[in-house]
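Tertiary structure, described
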Amino acid sequence: MLDPNLASAFAGVALANVQREYPRRLDQLLTAPDTEWRPRVLHPAFFGSYDWHSAVHMHWLLARLLRLHPFLGKEIAPVMERHLSQASIASELAFFRT
């Protein structure tokens, strides 16, 4: 199991990662000049990190750290609440339904 110091270090890396919009690898087909491409608009829940998949993994890490080390909640919970809001998840689902 992670000790509190290592858990804090992992939390710091993951929190910085999920909130950093660029650099970003885009994996989407642009079908017109006005097609939306901005990560935060396309993926309001998982816009951070280098790509969408990495953002999902970083959020999983944050959820796991929060479960194992509740003292990290002050740092992790506000970010998770913003990113994983009902509206953000609805936008993510809408993207994948297209």
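Each remark here, short or long, concerns the structure printed above.
Since we're looking at a predicted model, the values are computed, not measured.

As a packed pair, helix H1 (residues 4-19) and helix H4 (residues 73-83) sit with axes 11 Å apart at the nearest point and diverge in direction by 25 degrees. By the criterion of interaxial angle, the relationship of H1 to H4 is roughly parallel. Once H1 is placed against H4, the crossing between them reads as left-handed. On H4, the residues that touch Ala11, Leu15, Val18 and Gln19 of H1 are Glu75, Ile76, Val79, Arg82 and His83. Per-class residue counts for the contact of H1 with H4 are five nonpolar, two polar and two charged.

Bringing the pattern of salt bridges into the picture now. By the definition in use, this model includes three salt bridges. In this structure, Glu21 and Arg40 form a salt bridge, with 3.2 Å as the shortest nitrogen-oxygen distance. Placement of Glu21 in the loop between H1 and helix H2 (39-42) and of Arg40 in helix H2 is noted, with a sequence separation of 19 residues between them. When its relative accessible area of 43% is taken as the criterion, Arg40 is described as partly exposed.

Let us now look at the packing of aromatic side chains. Within a pair of aromatic rings, the relevant descriptors are the distance that separates the centres and the angle that separates the planes. In total, this model carries three aromatic pairs according to the counting rule given. With centroids separated by 5.8 Å and ring planes inclined at 85 degrees, the aromatic side chains of Phe46 and Trp52 adopt a geometry described as edge-to-face. For Phe46, a relative accessible area of 12% puts it in the buried group. Plain terms: the ring middles of Phe95 and Phe96 are 5.0 Å apart, the flat faces sit at 90 degrees to each other, and that makes the pair edge-to-face. On the accessibility criterion, Phe96 (49% relative accessible area) is partly exposed. An aromatic cluster is defined as three or more aromatic residues linked by ring pairs; in this entry it consists of Phe46, Trp52, Phe95 and Phe96.

Here we come to a nonpolar patch on the surface. On the surface, Tyr22, Leu26, Leu30 and Trp37 cluster together to form a nonpolar patch covering roughly 410 Å² of accessible area. Take Trp37: its relative accessible area is 42%, and that puts it in the partly exposed class.

Rules used throughout
- Think of each chain on its own: its residues are numbered from 1, step by step along the sequence as written.
- Where local features are concerned, this predicted model is filtered to residues with pLDDT of at least 70; where side-chain atom pairs are given and counted, the filter is 80 or more; whole-chain, interface and lining totals use all residues.
- Side-chain measures here rest on the full set of heavy atoms in the structure, leaving out hydrogens and waters.
- Convention adopted: a line fitted to C-alpha atoms gives each axis, helices being fitted over their contacting stretch, and angles between N-to-C directions are expressed from 0 to 180 degrees.
- Helix numbering and strand numbering both begin at the N terminus, where a helix is a DSSP run of H or I of at least 4 residues and a strand a DSSP run of E of at least 2.
- Geometric relationships in this document are graded by angle, where less than 35 degrees denotes roughly parallel, more than 145 denotes roughly antiparallel, 65 to 115 denotes roughly perpendicular, and other angles denote oblique.
- In this scheme, a crossing is called left-handed if the near helix is turned counterclockwise away from the far one by less than a right angle; it is called right-handed if the turn is clockwise.
- In this description, contact between two residues means that some pair of their heavy atoms is separated by no more than 4.5 Å.
- Ten residues, namely Ala, Val, Leu, Ile, Met, Phe, Trp, Tyr, Cys and Pro, are considered nonpolar, four, namely Asp, Glu, Lys and Arg, are considered charged, and the remaining ones, Gly among them, are considered polar.
- When a carboxyl oxygen of Asp or Glu is within 4 Å of a side-chain nitrogen of Lys or Arg, the pair counts as a salt bridge.
- Between buried and exposed lies partly exposed: a residue is buried under 20% and exposed over 50% of the maximum accessible area for its type, with that area taken using a 1.4 Å probe on protein chains only.
- Side-chain rings of Phe, Tyr and Trp, where Trp is taken by its six-membered ring, are said to pair if the distance between their centres is within 6.5 Å; with planes under 30 degrees apart they count as stacked, over 60 as edge-to-face, and otherwise as tilted.
- Each patch is assembled from residues with relative accessible area greater than 30% and no salt bridge, linking like charges that lie within 9 Å and nonpolar side chains (Val, Leu, Ile, Met, Phe, Trp, Tyr) that lie within 5 Å.
- In this description, accessible areas are obtained by the Shrake-Rupley approach with a 1.4 Å probe, and a residue is regarded as covered only by the protein chains that are shown.

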